[in-house]
Amino acid sequence: MLPLTLSRLPRPPAPTRLIRAIDPRVPLAVKRQLIEPLLNRTFAEPLAEGEFDVLEGRRISLHIEDLAVALTLTLEAERFRLSPEAGEATIRGGWREFLCLATRREDPDALFFQRRLVIEGDTELGLMVKNLLDGREEGLAQGRLGEWLARFERMARRER
């Protein structure tokens, strides 16, 4: 029997390919269990202060094109929920642009003016959400969400 070396092991799938392959197969109920607690912890303070109340009963979709991931968020009883319905507005772009928005590595306005992130549908709702996110001084990538985003970014850099 030959010794198993690391060079002989198959490379794991690149994170972007893996996400594109897995996401369509994950039921909404499972996504809710994973994503909703993360969002509600990340935004606990602004949710409690009513900063996102304008989203109550409204739906906004986030479409991360290069990952083929689309999530529609709504606000119910001061908590973010994933919705099976289409969004009234959609913010569309690549994962790197969403990462820049979340970490504030680049000016959010510049991401939209350069059309790296695009708002479609109800642009007033989309701009309202963009401004709410932009108003978060420390960015979105705090706590566990920040750790996941940083880990994903490191894996994606190795993929290149």
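About the thresholds
Residues numbered from 1 in each chain as written. Predicted model: local features only at pLDDT ≥ 70, side-chain atom pairs only at ≥ 80, totals over all residues. Heavy atoms only, no water. UniProt positions renumbered as here; feature names shortened; annotations may be inferred. Core = buried A, V, L, I, M, F, W, Y, C linked by side-chain atoms within 4.5 Å. Buried < 20%, exposed > 50% of the residue type's maximum accessible area, 1.4 Å probe, protein only. Helix = DSSP H or I, 4+ residues; strand = E, 2+ residues; numbered from the N terminus. Pairing = 2+ DSSP bridges. Axes fitted to C-alpha atoms, helices over the stretch in contact; angles between N-to-C directions. Salt bridge = Lys/Arg side-chain N within 4 Å of Asp/Glu carboxyl O.

- As named in an unreviewed UniProt entry, the protein is Ubiquinone biosynthesis accessory factor UbiT, taken from Billgrantia sulfidoxydans.
- The Pathway (unreviewed entry) comment attached to the protein in UniProt states, word for word, "Cofactor biosynthesis; ubiquinone biosynthesis."

Side note on the nonpolar core
(1) Moving on: Counting residues in hydrophobic clusters, the biggest one holds 29 residues, and the most contacted among them are F43, F52, L55, F80, I91, L117 and V129.
(2) Moving on: At the level of elements, β1 (59-64), β2 (69-76), β3 (79-82), β4 (89-93), α4 (95-103), α5 (108-113), β5 (117-121) and α6 (123-134) are the ones that each hand at least two residues to this core.
(3) Moving on: The leading source of residues in this core is α4, at five residues.

What about the sheet that holds β4?
Sheet strands line up and pair through hydrogen bonds in the backbone, either parallel or antiparallel.
(1) Moving on: Strand order in the open sheet made by the five strands is β3-β2-β1-β4-β5, with mixed pairing throughout. The sheet terminates laterally at β3 and β5, the two strands that pair on one side only. Adjacent strand axes in the sheet meet at a mean angle of 25 degrees when their direction is disregarded.
(2) Moving on: Note: β1 against β4, five bridges, orientation parallel. Its bridge partner being in β4, S61 is matched across the sheet by T90.

Remarks on the pattern of salt bridges
(1) Moving on: Taken as a whole and assessed by the stated rule, the structure comprises 12 salt bridges.
(2) Moving on: We note a salt bridge from E120 to R92, for which the minimum N-O separation is 2.9 Å. Of this pair, E120 sits in strand β5 while R92 is found in strand β4, placing the two residues 28 residues apart along the sequence.
(3) Moving on: The salt bridge involving R116 is made with E106; its shortest N-O contact spans 2.6 Å. Here R116 is found in the loop between α5 and β5, whereas its partner E106 is found in the loop between α4 and α5, with 10 residues between them in sequence.
(4) Moving on: Here the salt bridges share partners, and the residues they tie into one network are R32, E36, E76 and R81.

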